[in-house]
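Structural features, examined
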Protein chains: 4
Amino acid sequence: MAMTGVLRPGHAVVRVLDLDESVKFYTDVIGLKETGRDKSGRVYFKTHEERDHNSFVIRKADSAGIDYFGFKVLNQGALKSLEGRLRDMGVATERIPAGELLETGERVRFEVPTGHQIELYADKTDVGNGLGYVNPEAWLQNTRGINPVRMDHCLIYGPDIDGARKVFEDALGFSLVERALLEDGKTDLATWLTCSAKAHDIAMVRHGEPGKLHHVSFMLNTWEQVLRAADIMSMNRVSIDIGPTRHGITQGTTIYFFDPSGNRMETFCGGYQWYPDMKPTTWTWEEVGAGVFYHDRKLNERFLSVVT
Amino acid sequence: MAMTGVLRPGHAVVRVLDLDESVKFYTDVIGLKETGRDKSGRVYFKTHEERDHNSFVIRKADSAGIDYFGFKVLNQGALKSLEGRLRDMGVATERIPAGELLETGERVRFEVPTGHQIELYADKTDVGNGLGYVNPEAWLQNTRGINPVRMDHCLIYGPDIDGARKVFEDALGFSLVERALLEDGKTDLATWLTCSAKAHDIAMVRHGEPGKLHHVSFMLNTWEQVLRAADIMSMNRVSIDIGPTRHGITQGTTIYFFDPSGNRMETFCGGYQWYPDMKPTTWTWEEVGAGVFYHDRKLNERFLSVVT
Amino acid sequence: MAMTGVLRPGHAVVRVLDLDESVKFYTDVIGLKETGRDKSGRVYFKTHEERDHNSFVIRKADSAGIDYFGFKVLNQGALKSLEGRLRDMGVATERIPAGELLETGERVRFEVPTGHQIELYADKTDVGNGLGYVNPEAWLQNTRGINPVRMDHCLIYGPDIDGARKVFEDALGFSLVERALLEDGKTDLATWLTCSAKAHDIAMVRHGEPGKLHHVSFMLNTWEQVLRAADIMSMNRVSIDIGPTRHGITQGTTIYFFDPSGNRMETFCGGYQWYPDMKPTTWTWEEVGAGVFYHDRKLNERFLSVVT
Amino acid sequence: MAMTGVLRPGHAVVRVLDLDESVKFYTDVIGLKETGRDKSGRVYFKTHEERDHNSFVIRKADSAGIDYFGFKVLNQGALKSLEGRLRDMGVATERIPAGELLETGERVRFEVPTGHQIELYADKTDVGNGLGYVNPEAWLQNTRGINPVRMDHCLIYGPDIDGARKVFEDALGFSLVERALLEDGKTDLATWLTCSAKAHDIAMVRHGEPGKLHHVSFMLNTWEQVLRAADIMSMNRVSIDIGPTRHGITQGTTIYFFDPSGNRMETFCGGYQWYPDMKPTTWTWEEVGAGVFYHDRKLNERFLSVVT
């Protein structure tokens, strides 16, 4: 099997301040499909194109932010093997029973040294994307809002990104794709890691406070869809942080914006295809602005300071 | 390592009738970069964005067609292991010494039951894409012609596509992504296989004659680049088979066209992201036209009969 | 006033074989907005973005084709003056009372030497495009189907295109933008005329039978919208004549397709901006294929023979 | 003649601080074609697609800014007639002899109440766009840089925009397309005027100092070309003011950036088709931010203050 172990980002569970307002936002503006609610009050979403039951889950809380971020692995064998490698590295793991998250199998949860809860799981019910597996049409009509292709990745902020990277690389088989350096020319300010053929599946920025969310990202297929997304944000008075613009890092195009609770979200498009024989790309401290915002070639204050 | 074994299509070695005319075509019209010539007269090309020394090689011959198609594997360990699995399946393998193909390590060559020569190799010199690994710009200026991103996949025609699929799946870890059925509703007319997260890395159509090439495909990043490619073909009086149009299969957009020797080539764009937990898509005999040419919803005669 | 006289194509009145099926087609697939029906059974449509009450009207008949094609003129003064110029040229004109066509003022109707009924009118009720004239959003959400920007132009087939051109140029102030020549290198096979800054507002092909419709065209804003339109046609099993492709003539991109009654329609995108100081472009007989279908560089049989 | 009087923006003559650096910028980055230099040291450019000899002219000076902005009119009759209407309104006009500007006929120059020098002329040598008038290809290969379609419009800043608008409307036949209001809900902050079928050919913002240039704009054909333009600006370290983004006003997409002398320039794409039967659109003071920058829905400080 050419693709094995950790497959892809599977679910982000995010805290919101007002549930109804957030459901409306993620349904009408982002264009996700609500797929369920559970007894604890969590609301489940998937993109229309995703096949698994959920990829984005919100729950009401007093503060915004992310509860945990989960990755789907190939199968139960991979789950068990990865759990073993985590423990071998001294990472404490916890098994969350199947069904605790709707239509999702048993999960292995652990904390990485940035202070974030990460999960692995092998099973989530395939509810289909509405096109079927026989003679499907090219895409689904009658969707609404921005309608991204998938929940794509997240960027987390926390103290020990070196330690967290070690867990992702050594235990979970992720690879370093790009890095941005601090002024000393040695220490990483930020790293972009992949578990697949994407330019990133998770990224981390060094930050004093642990467990912080910079953004969860939803993928769009084309630059014209990025423009359409920005237009829809404007029509719905969504607060745009920056964009449409391009990242130097990953070469993708982007809009950063805020959900009604202040969680930063992204629509991301493009990004090169990555293979494990590629050397990582490095951004020096002087050019990290161009790496993050390729057109402006400088960071805005918010990028480094506003997290939830 | 989440991505292992066979990584991607690495080289296609194609026969042409007139070398100079072909070099001009692949350089000026397709926009490949010539990277070398060897004593046997072969001319080597890569796309500007590819990092390895070559991905497309031509040699002068009396008839057009494909000599062999090679896949890059993760490392020498993977090469040896895959070679062993081929032999375990009873597939005869041959080692071609390093350097026989310029800047390319030792290759394992074998024949699949469609009558095609397939190769595996672990090493090819990284000559870079001109952007470097430190603070790279977003893309390379001053390229010419169509300028595809990479050599992406090929479609081969031959008799025993079931046997060939078995080799790709069982020995090499490929997965079935899509299939088109014959009138009996059981036998495969064609199969699309992946070794990575792409919708296809190789495809096969059932055909009486062995070892035939339907097309080698070059990837473009956007639908606007597809239009530009068709314009450039027109300006250079390239014979277009069909397109710009969309495939139902893979959902990608396409132009099929012929090189000066009559080899069909493709510019391909898009195609969904594939993961090993996805069920294959099936196209029934009645809808195979829509599967291949989504807009016209019918095959043209050439698609099934003209191969080299 | 820099823009005066004839402003733009205003309405096409087209015959269909089945009214309900056609209403469904133009509403659900093309994405027009039905704006009214009259006592004679005609159904009125506009694009969502058009401001005037109607631009495309269908009526049930035993044969497909076009009843008449109307142009909006600047005001009643222009209408009267243009009517005078027509009569001065010996063109018989008829006044159709206001209201005969819903929400449309008095029309001046006449026949051009291709055998087509052409109309001029100054008034049609502005019913708005749903965005308003104060702080409008960038575009209208919740439309359906292909959703073109406007009814853009038509191509008519008939015998005396020289005579018709003379009427459009000398009486109505149109200009010749492009022409395609017959084998003799002198006689026009076809002409493209404009009354504004577009590459064409009406076009004519020399043809034995008078009064024939080749196509009515609807404008799209982007090449990605052209792909989306072709996808929607496929999803709705619309018969596509050709496309997506590019015209050499006007440089626009196109899909030709047939409505349920066999009337050819077009989605057109692009086309250069025209000004009256530009010399006309000529296509010689040998290259008329490239002029019409720039990628294939040859006409298909249907283009010259299938009309309604 | 449906299109008459003033046709379009024809030339902008702009002051730069360093001629060589500016020639390099407008040639290599913007991708204009240098078409000549005159004895006074002015350097002439056109876009590759424009047919007239020049549309953008620079001269060395101690301060940046615009000398004058010229419009091409239909013919000598129109020139004379428009000159007469200006004089009838009490606007002093001056005749500049043919040839004073290279390959340009006699010009009528006058000052509008914003303090800007405006010119009209009927003749400028058609040097062609390299494609010819017989069987042209769809576009010109082997261009460089951003390569806009045409010099499109300008935005000027000055005190009496009401008086200037009166000149453009009453003497020159321009029409009001959009307006932005001050807090009083009556006075115009800014107006957008057209002489053709474009959403604007010139725009004006009320400003204390007379004769100021906000930007000269170059048109691009697609949103993907806008992204490419921003990428090229980044690669050449061009200072981007804002963008890629959308204007609410005109609905066009935009990048504002600065030339090496600090003159703001724009790449503009899209914008709706305007006809004289359309009512003007109004932007209230509260929403003028959304009018100018549709995604951010607020002005940046630079937009109102930085002019040359």
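Scoring rules and cut-offs
- Residues numbered from 1 in each chain as written.
- Chains lettered and ligands numbered in written order.
- Predicted model: local features only at pLDDT ≥ 70, side-chain atom pairs only at ≥ 80, totals over all residues.
- Heavy atoms only, no water.
- Helix = DSSP H or I, 4+ residues; strand = E, 2+ residues; numbered from the N terminus.
- Rg over C-alpha atoms; globule rule 2.2 N^0.38 Å.
- Contact = heavy atoms within 4.5 Å.
- Areas by Shrake-Rupley, 256 points an atom, 1.4 Å probe, with all protein chains shown as cover.
- Lys, Arg positive; Asp, Glu negative; His and termini not counted.
- Charge placed at Lys NZ, Arg CZ, Asp CG, Glu CD.
- Pairing = 2+ DSSP bridges.
- Axes fitted to C-alpha atoms, helices over the stretch in contact; angles between N-to-C directions.
- Phe/Tyr/Trp six-rings, centres within 6.5 Å; stacked < 30°, edge-to-face > 60°.
- Buried < 20%, exposed > 50% of the residue type's maximum accessible area, 1.4 Å probe, protein only.
- Domains from an automatic or database assignment.
- Buried area = accessible area lost by both parts, 1.4 Å probe.
- Salt bridge = Lys/Arg side-chain N within 4 Å of Asp/Glu carboxyl O.
- Nonpolar A, V, L, I, M, F, W, Y, C, P; charged D, E, K, R; others polar.
- Polar contact = N/O pair within 3.5 Å; in protein donor to acceptor, adjacent residues only side chain to side chain.

1. So, the overall build of chain A
A count of helices and strands for chain A gives 6 helices and 17 strands. For a compact globule of 308 residues, the expected C-alpha radius of gyration is about 19 Å, and chain A comes in at 18 Å, within 12% of that figure. Considering only intrachain contacts with a sequence separation of at least 6, the fraction spanning at least 24 residues in chain A is 66%. For chain A, the computed accessible surface area is about 10200 Å², with 48% contributed by carbon and sulfur atoms. Of the side-chain charges in chain A, 36 are positive and 43 negative, and the distance between the mean point of each set is 2 Å.

2. What about the sheet that holds strand 12 (residues 202-206) of chain D?
Residue and element names in this part refer to chain D. Read across the sheet, 9 strands follow the order 14-15-16-13-9-12-11-10-17 without closing on themselves; strand pairing throughout is mixed. Two strands bound the open sheet, and with one partner strand each, they are strand 14 (240-246) and strand 17 (281-283). On average, adjacent strands in this sheet sit at an angle of 15° to one another, irrespective of strand direction. In the sheet, strand 13 (residues 212-220) pairs with strand 16 (residues 264-269) via 5 bridges, with the strands oriented parallel. Bridge pairing links L220 to C269 in strand 16.

3. Side note on the packing of aromatic side chains
Counting across every chain of the model gives 46 aromatic pairs over all chains. When the centroid spacing of 5.3 Å and the interplanar angle of 65° are considered together, the rings of F56 of chain A and F218 of chain A count as edge-to-face. Of this pair, F56 of chain A sits in strand 4 (residues 56-60) while F218 of chain A sits in strand 13 (residues 212-220), and the two are 162 residues apart along the sequence. Accessibility assignment for this pair places F56 of chain A and F218 of chain A in one class, buried. A ring pair is formed by Y26 of chain B and F45 of chain B, whose centres lie 6.2 Å apart and whose planes are at 45°; its orientation type is tilted. Separated by 19 residues along the polypeptide, Y26 of chain B in helix 1 (residues 19-29) and F45 of chain B in strand 3 (residues 43-46) bring together distant segments of the chain.

4. A short note on the sheet that holds strand 7 (residues 107-112) of chain B
All names here are of chain B. The strand order 2-3-4-1-5-8-7-6 describes an open sheet built from 8 strands, whose pairing is mixed. Looking at strand neighbours, the two that pair on one side only are strand 2 (33-37) and strand 6 (93-96), the edges of this open sheet. Taking each pair of neighbouring strands and ignoring which way they run, the sheet shows an average axis angle of 25°. Alignment of strand 6 against strand 7, held across 4 bridges, turns out to be antiparallel.

5. Structural notes on the domain arrangement of chain A
Residue and element names in this part refer to chain A. Each assigned domain of chain A is listed with its residue range as follows: domain 1 (6-121) and domain 2 (152-305). Inter-centroid distance (C-alpha atoms) of domain 1 to domain 2 is 20 Å. If you look at the interface, domain 1 gives 36 residues, while domain 2 gives 40 residues. Both sides of the domain 1 and domain 2 interface together cover about 2800 Å² of buried area, and 76% of this is carbon and sulfur. Inspection of the region where domain 1 meets domain 2 yields 0 salt bridges. Going through the elements one at a time, strand 1 (6-16), helix 1 (19-29), strand 5 (65-73), helix 2 (76-88), strand 7 (107-112) and strand 8 (116-121) are the ones with two or more residues in the side of domain 1 that touches domain 2. No other element matches strand 1, which puts 8 residues into the side of domain 1 that touches domain 2. Across the side of domain 1 that touches domain 2, the residue classes break down as 26 nonpolar, 5 polar and 5 charged.

6. Here's the deal with the interface of chain B and chain A
Taken together, the contact pairs 45 residues of chain B with 45 residues of chain A. Both faces combined, the contact of chain B with chain A buries some 4100 Å², and carbon together with sulfur accounts for 52% of it. If you sort the residues of chain B by the area they bury against chain A, A2, N135 and Y275 of chain B come out on top, with a joint share of 16%. Salt-bridge contacts for R297 of chain B lead to E137 of chain A; the nearest nitrogen and oxygen are separated by 3.6 Å. The tally of links from chain B across to chain A stands at 16 residue pairs in polar contact (both at pLDDT 80 or more). Broken down by secondary-structure element, the contributors of at least two residues to the side of chain B that touches chain A are strand 1 (6-16) and strand 17 (281-283) of chain B. Looking at the side of chain B that touches chain A, its residues break down into 21 nonpolar, 10 polar and 14 charged.

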